[in-house]
Amino acid sequence: SFFFVTHLMVRPLTPDAPQHHGSIFHHRLIATIVALCSCATGILVTWRSSWLEGVSARRLELYATFELALPILVVLHLDFYYAGKWQGLSSDEIGSALGDMYFSDSRVLLCWALITVIAHVHLPIRWCLLIWVEIAVLLSYLVCIALGSPEGFTNVAINWVTLLALILSAAAGKRHVEYLERLSMLALISEKTMRFQSEFQLERMSSQSTTVSNKSKNNNSNNNNNNNNRDNEDALSDTRSHDHASMVSSVEKMSDIVFEIDIRVEDASRALHFRAMAKMGQSEHWLIEADQLQCFPEQLLGRGSFGVVVAGEFLGAPVATKLNFALHTLSLSALSSELRIFRRLRHPNIVMFQGACIIPDSVLLILVEELVLGGTLQQFIEARHAELSARQLHGIVLGICRALQYLHGLRPAVVHGDLKPGNVLVERASLTPKLIDFGLSRLQSTKSKAVGGTLRYMAPEVVTQACDKKKATPSDIFSFGRVAFFVVTGIQPLSDITKAQIFQLAQQGVVVPLQWPTASESSSSPSSPSSESSSRPPQHMTWQPGWEDLCEKCLLVDPQDRTSAEQTQGLLHGWTDQEKTQGTESDPESGTNNTKNKNNKSSGQSRLVNAVHQAQQMYCKEPHRTHKMLQL
């Protein structure tokens, strides 16, 4: 209707004009019919979506591109001026046929700009296929110039540059939008993949646990019915070992997925990790709900490289809460790694793990630990070393050694990675040392990360990054040797050497010997008990040769030559065995050590069964019956 009205309003100016007027009318009429057919086809195809079943997305995009290119060409034929040009009329003939009408390229250019915007903004067509639409627009305007534009050369040049800039900006914007959409899709696929992997691993662990439990019940029944069949017992042992190893492997893989936070990912991906951690915490019963925990930021207990420790309250009990620094992704990753190791540790010389509070939506992780009433070993020795007896210093070193023996005895072994006086707390009342800060701890395996630490307490192979990941526990023993020196003497190791010199000596494979106090310094040391006579040598002087020998064995250059934590604890026990009462009920430590010496040649399960059987014979009224129940 609009087409006919606009055409009928045109009045020819000359007698010969009606013929030209009619030719322009028929030309525009044919172009209008073609445009209407194209629109009707597009509407029909969109309405009958069943026609598109089985058609590939690329073919649909090609069809949409054709539907866009056709109107670009039709616009050129619908314009009054260019319709006359297509009929071979001159500008004067067109003017006389159409009357007083202003001719310009504005209408054509605006229509092409509208089609370009619709194609690049509203239609789901890839930018690489829209190139054909852009080429069609540019070529169409070149055709206009060839036919003879009603505007001058200057305006034509400006129109061409402006149209080219519009098309280039639309193409660049479309490509950038597609790039962002693909990144979003990759992130979504990655999150879903990690979620499926986590759920699969959790389900697999659950099913394996159920399978192992069922097999154990069936095998126990078989043992009761076939108690004399050793072959079945061997097969059962192999099956249990295989299932247990498989389940441990699954747990390790699950821990790698859940607790390994990539510092490069966005908060949405970290929230996915946190949800997986929370789900694991629920299954392992260490997850703490937010309404069960309170934090008191004004009560600062400690501060480190990756976070702070403040006082808190968990269900009415005073605790220590460890928080990462705000907007510090690296500290969040360290805290997550600490949770991975710390959640399975249970030892009297390691600060007790109470649980963790995880809030995925806020990407917040809070470690909840035992509140130790005391300071760090660094502060304790610097303040009270002169008041401590040699026996008390020995007890502190022995407690640290016991914690290391526990960590290194786990399967797989745990490497603390940052043993130093600042990472040991000492209870004020009992002087019990407790290891803290497992942020740099690692499971001893080929896939674990490199061990770190504090430079003055690091082993040479750790400083030079040449530490064997399969055998990283000797690096803890090296640090223990320097910590023991600090506890006994109160002197900071390597205090007169710069960090650059430590790096240089480590690269040369040289361990700087410790500067032990001389005899005159030791005799006047206030660390001896005040009750001793002045003529009697102090305990510190009596034990110093043993301390020097122990630290020397811990600080050997070759990690394989260093003593183990178990051997070190045996040496520490040997110094006091002669001074303790043998086998009395009031001294359980001595009795434990004697039992261990008696069963020194036994190993594994048989040693444990023998020890329990011996205790039953000593203290139980019916040892034979209890021992039989234990065997069952």
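Residues numbered from 1 in each chain as written. Predicted model: local features only at pLDDT ≥ 70, side-chain atom pairs only at ≥ 80, totals over all residues. Heavy atoms only, no water.

Going by the annotation in an unreviewed UniProt entry, the name recorded for the chain is Protein kinase domain-containing protein, with Polarella glacialis given as the source organism.

Turning our eyes to something else, we now look at the overall build of the chain. A tally of regular secondary structure across the chain gives 22 helices and nine strands. Excluding contacts between residues fewer than 6 apart, the proportion of contacts in the chain whose partners are at least 24 apart in sequence is 66%. Within the structure as shown, the chain displays about 35200 Å² of accessible surface, and the carbon and sulfur contribution to it stands at 57%. (Helix = DSSP H or I, 4+ residues; strand = E, 2+ residues; numbered from the N terminus. Contact = heavy atoms within 4.5 Å. Areas by Shrake-Rupley, 256 points an atom, 1.4 Å probe, with all protein chains shown as cover.)

Here we take up the packing of aromatic side chains. Under the definition given, this model contains six aromatic pairs. Where phenylalanine 485 meets tryptophan 516, the ring centres are 5.0 Å apart and the plane angle is 85°; that geometry is what we call edge-to-face. Here phenylalanine 485 is found in helix 15 (residues 473-489), whereas its partner tryptophan 516 is found in the loop between helix 16 (499-507) and helix 17 (519-523), with 31 residues between them in sequence. Through pairs of rings, three or more aromatic residues link up here, namely Trp286, Phe342, Phe353 and Phe438. (Phe/Tyr/Trp six-rings, centres within 6.5 Å; stacked < 30°, edge-to-face > 60°.)

Take the UniProt feature "transmembrane region" (unreviewed entry) in the chain next. Cross-referencing UniProt, the feature "transmembrane region" (unreviewed entry) maps to residues 29-48, 60-82, 128-148 and 154-173 in the present numbering. Taken as a whole, residues 60-82 contains 96% helix and 0% strand, while its terminal C-alpha atoms sit 32 Å from one another. Secondary structure within residues 154-173 divides into 100% helix and 0% strand; the distance between the first and last C-alpha atoms comes to 29 Å. (UniProt positions renumbered as here; feature names shortened; annotations may be inferred.)

In the contact formed by helix 3 (residues 57-78) and helix 7 (residues 131-147), the axes pass within 9 Å of each other and the chain directions differ by 10°. The angle between helix 3 and helix 7 falls in the class roughly parallel. When you trace helix 3 past helix 7, the crossing you get is right-handed. In this structure, helix 3 contributes Thr65, Leu68, Ile72, Leu73 and Leu76 to the contact, and helix 7 contributes Trp132, Val133, Ala136, Val137, Ser140, Val143 and Cys144. Class assignment of the residues belonging to the contact of helix 3 with helix 7 gives a composition of ten nonpolar, two polar and no charged. (Axes fitted to C-alpha atoms, helices over the stretch in contact; angles between N-to-C directions. Parallel < 35°, antiparallel > 145°, perpendicular 65-115°, else oblique. Left-handed = near helix turned anticlockwise from the far one by under 90°. Nonpolar A, V, L, I, M, F, W, Y, C, P; charged D, E, K, R; others polar.)

A word on a nonpolar patch on the surface. A cluster of nonpolar side chains, contributed by Tyr179, Leu180, Leu183, Met185, Leu186, Leu188 and Ile189, occupies part of the molecular surface with about 670 Å² of accessible area. Mapping leucine 188 onto the fold places it in helix 8 (residues 153-225). A relative accessible area of 38% places leucine 188 in the partly exposed class. (Patch = residues over 30% accessible without salt bridge, like charges linked within 9 Å, V, L, I, M, F, W, Y side chains within 5 Å. Salt bridge = Lys/Arg side-chain N within 4 Å of Asp/Glu carboxyl O. Buried < 20%, exposed > 50% of the residue type's maximum accessible area, 1.4 Å probe, protein only.)

A few words on the nonpolar core. Counting 80 residues, the largest nonpolar core has Leu339, Ile350, Leu377, Ile400, Leu407, Leu435 and Phe480 as its most contacted members. Top element by residues in this core is helix 13 (residues 390-409). It accounts for ten residues. Shared between two domains, this core holds at least three residues of each, these being domain 2 (266-370) and domain 3 (375-513 + 545-577). Counting residues in each nonpolar core, the second largest holds 28 residues, with Val108, Ala136, Val137 and Tyr141 among its members. (Core = buried A, V, L, I, M, F, W, Y, C linked by side-chain atoms within 4.5 Å. Domains from an automatic or database assignment.)

A few words on the sheet that holds strand 1 (residues 293-303). Across the sheet, which stays open at both edges, the five strands sit in the order 1-2-3-5-4 with antiparallel pairing between neighbours. Of all the strands in the sheet, just strand 1 and strand 4 (353-359) have a single pairing partner and so form its edges. Within the sheet, the average angular offset between the axes of one strand and its neighbour, ignoring direction, is 30°. Pairing of strand 2 (residues 307-314) with strand 3 (residues 317-324) involves eight bridges; the strand directions are antiparallel. Residue pairing for strand 3: glutamate 313 is matched across the bridge by proline 318. (Pairing = 2+ DSSP bridges.)

Most of strand 5 (residues 364-370) is tucked away, with six of its seven residues classed as buried. Pairing geometry for strand 3 and strand 5, over five bridges, is antiparallel. Bridging across to strand 5, lysine 322 finds its partner in leucine 367. Pairing between strand 4 and strand 5: six bridges, direction antiparallel. Each bridged residue has a counterpart across the sheet, and for cysteine 357 the counterpart in strand 5 is isoleucine 366. Count of turn residues in the strand 4/strand 5 antiparallel hairpin: four residues, of which valine 363 carries a positive phi of about 50°.

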